[in-house]
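Analysis of the macromolecular model
Each chain, letter by letter, is given below.
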Amino acid sequence: MQPSRRTVLASLAAMPLIGAAPAGRNRVVLLGTKGGPTPNPLRAEPATLIELDGRAWVVDCGNGVANQLAKAGVPLDRLARIFVTHNHSDHVADIGNLIEIAWSSGLKTPVTVHGPPPIRQIVRDQLSALSYDVAARIREEGRIPLDPLVSVDERALPGPVVRDRGTIVTSALVDHETVAPAFAYRFDTPGRSIVISGDTRYSDALVALAKGADLLIHEAIYGPAIPRMAGENAPALADHLRRSHTLAEQVGLVAARAGVKTLVLSHLVPGAGVTDAMWIAAVRRNFAGPVVVGRDLMEV
């Protein structure tokens, strides 16, 4: 059963604050806006930056996320937290790479990875694959050991995740077919509330999580394109796509029922061949508020 927002916030209020800082400007940048692991010259794989008072929090780590952070002007030694929505490769492929590249770029402060099982094993395996390089850089460049900087917060249940310098993070379980658990995250920062859907079909739990949010960043699939994407694998693949993702018009329904202030479409499937006008027209069937079709490196 999903906990109520009141229960979640009460639980978080009892958690210790990690540090303390005055309310400040936060920045949200869409680092990668394409769904799926196949490379695309127009869109990078899924990742979103939430920058809070100089700390970089990254939600999902598709291939190339370190380069996207550099393009967004974020020094990698500011990396502090990684939130994983689920363990498909386009969301976890570069966790180890990002951490190791941040460390080799001067990171000396802790990094915590939050996500569903088996994220602890995924992080361990990815960093193990880089252990030769890590040892060489410690030996040759005098760098501090990497292992003590990295911790993993693995959890299978929704609810409170962390409270850090005035920002409250909560999660809800969403439905991504056989890839479970899968999470959506809500970030209640001192400036505004941000919800990131992760990969999911239409979800009432996500509607509850997103109630009144300032910004909802939601995955979307364009229904008329599904037969073309399925190709030779139709109808099995077409059925899978419909069961695993949220049609654009259903995304509008989520936004309307949650009463969000602004809706941003990201993790777009397909990543090309659908115009902004087509995406917005589908959403407009159910949502009349502001809609943004995400682009890589767009600040929202």
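Quantities reported herein were computed from a predicted structural model and do not represent experimental measurements. (Residues numbered from 1 in each chain as written. Predicted model: local features only at pLDDT ≥ 70, side-chain atom pairs only at ≥ 80, totals over all residues. Heavy atoms only, no water.)

Describing the overall build of the protein
The cut-off we apply is this: In this text, helices come from DSSP runs of H or I with a minimum length of four residues, and strands from runs of E with a minimum of two, each type numbered from the N-terminal end. Within these notes, the globule rule equals 2.2 Å times the number of residues to the 0.38 power, and the radius of gyration is based on C-alpha atoms. For the exposure calls, accessible area comes from a 1.4 Å probe over protein chains only, and a residue counts as buried if that area is under 20% of its type's maximum, exposed if over 50%, partly exposed in between. In this analysis, two residues are considered to be in contact whenever any of their non-hydrogen atoms come within 4.5 Å of each other. Accessible surface is estimated by sampling points in the Shrake-Rupley manner with a 1.4 Å probe; for residues, cover comes only from the protein chains shown. Just so you know, the count uses Lys and Arg for positive and Asp and Glu for negative, and it drops His and the chain ends. A charge is said to be at NZ when it belongs to Lys, at CZ for Arg, at CG for Asp and at CD for Glu.
A tally of regular secondary structure across the protein gives eleven helices and 14 strands. Here the C-alpha radius of gyration of the protein, 19 Å, is about what a compact globule of 300 residues would show, namely 19 Å. Along the three orthogonal principal directions, the C-alpha set of the protein runs to about 55 × 45 × 35 Å. Within the protein, the proportion of its 300 residues that are buried is 52%. The contacts in the protein between residues at least 6 apart in sequence include a share of 69% that link residues at least 24 apart. Here the protein has roughly 12,600 Å² of accessible surface; of this, 55% comes from carbon and sulfur atoms. The distance from the centre of the 31 positive side-chain charges to the centre of the 29 negative ones in the protein is 6 Å.

Details of the nonpolar core
Filter applied, for reference: Throughout, nonpolar core names a set of buried Ala, Val, Leu, Ile, Met, Phe, Trp, Tyr and Cys residues whose side chains join them through atoms within 4.5 Å.
The biggest cluster of nonpolar side chains holds 33 residues, and the ones touching the most others in it are Leu69, Ile82, Ile95, Leu98 and Ile99. The dominant element in this core, judged by the number of residues it contributes, is helix α4 (residues 95–104), at five residues. If near-sequence neighbours (up to four positions away) are discounted, Leu98 is found in contact with Val58, Cys61, Val65, Ala66, Leu69, Leu76, Leu79 and Ile82. Formed by 31 residues, the second largest nonpolar core is a distinct cluster that contains Ala182, Trp279, Val283 and Phe287.

Quick word on the environment of Ala272
Assignment of secondary structure puts Ala272 in the loop between β12 (262–269) and α11 (276–283). Taking the C-alpha atoms as reference points, Ala272 and Pro39, 233 residues apart in sequence, are found 12 Å from one another. Beyond its immediate stretch of four places on either side in the chain, Ala272 contacts Asn40, Leu42 and Arg228.

Here's the deal with the side chain of Asp164
For clarity, the threshold we go by: Here a polar contact is taken to be a pair of N or O atoms separated by no more than 3.5 Å, where protein atoms must pair a possible hydrogen donor with a possible acceptor and residues adjacent in sequence count only if both atoms sit in side chains.
Tracing the backbone through its elements, the reader meets Asp164 in strand β7 (residues 159–164). Within the local environment of Asp164, its side chain forms a polar contact with the side chain of Arg81, the two groups lying 3.0 Å apart.

Thoughts on the sheet that holds strand β10 (residues 193–196)
Worth spelling out the cut-off: The rule for pairing is simple: two strands pair if DSSP sees at least two bridges between them. Axis lines are fitted to C-alpha atoms, over the contacting stretch for helices. Their N-to-C directions set the angle, which ranges from 0 to 180 degrees.
Here we have seven strands laid out as an open sheet, ordered β7-β8-β9-β10-β11-β12-β13, and mixed in their pairing. Across the chains shown, the open sheet's two edge strands, defined by having one partner strand only, are β7 and β13 (291–293). Ignoring strand direction, the axes of neighbouring strands in this sheet form an average angle of 20°. Both strand β11 (residues 215–221) and β12 contribute to a ladder of seven bridges, which runs parallel.

Some thoughts on the environment of Ala56
Summarising the element assignment, Ala56 is placed in strand β3 (residues 55–59). For the pair Ala56 and Val74, spaced 18 residues apart in the sequence, the C-alpha separation amounts to 7.6 Å. Ala56 has contacts with Leu49, Ile50, Val74, Arg78, Leu79, Ala80 and Arg81, leaving out every residue within four places of it along the chain.

A word on the packing of α4 against helix α5 (residues 119–129)
For clarity, the threshold we go by: Oblique is the label for every angle not falling under 35 degrees (roughly parallel), over 145 degrees (roughly antiparallel), or within 65 to 115 degrees (roughly perpendicular). Left-handed is the label given to a crossing in which the near helix is rotated counterclockwise from the far helix by less than a right angle, and right-handed is the label when the rotation is clockwise. Note on residue categories: nonpolar means Ala, Val, Leu, Ile, Met, Phe, Trp, Tyr, Cys or Pro, charged means Asp, Glu, Lys or Arg, and polar means any other residue, Gly included.
In contact at an axis separation of 8 Å, α4 and α5 are set at 55° when each is read in the N-to-C sense. Taken together, the axes of α4 and α5 are oblique relative to one another. Considering how the two elements wind past one another, α4 and α5 form a crossing that is right-handed. Contact residues: α4 offers Ile95, Gly96 and Ile99, while α5 offers Ile119, Val123, Gln126 and Leu127. When grouped by side-chain class, the residues that make up the contact of α4 with α5 number five nonpolar, two polar and no charged.

A short note on the packing of aromatic side chains
Rules: In summary, the pairing rule links any two rings of Phe, Tyr or Trp, Trp by its six-membered ring, whose centres are within 6.5 Å, and it sorts them by plane angle into stacked for under 30 degrees, edge-to-face for over 60 and tilted for everything else.
Considering all chains together, one arrives at seven aromatic pairs under this definition. Centre to centre, the rings of Trp57 and Phe83 are 5.6 Å apart; their planes meet at 50°, and the pair counts as tilted. With Trp57 in strand β3 and Phe83 in strand β4 (residues 79–83), this residue pair connects regions lying 26 residues apart in the sequence. For the residue pair Trp57 and Phe83, the accessibility class agrees, reading buried in each case. An angle of 65° between the planes, with centres 5.5 Å apart, marks the rings of Phe83 and Tyr185 as edge-to-face.

A short note on α5
So the rule is basically this: This arc is taken over the directions from the axis of the helix to the C-beta atoms.
Residues of α5 that are buried: Ile119, Ile122, Val123, Gln126 and Leu127. Burial along α5 is one-sided: seen end-on, the buried residues are contained in an arc of 120°. Looking at the buried side of α5, the elements it contacts are α3 (89–92), α4, β5 (111–115), α6 (131–141) and β6 (150–154).

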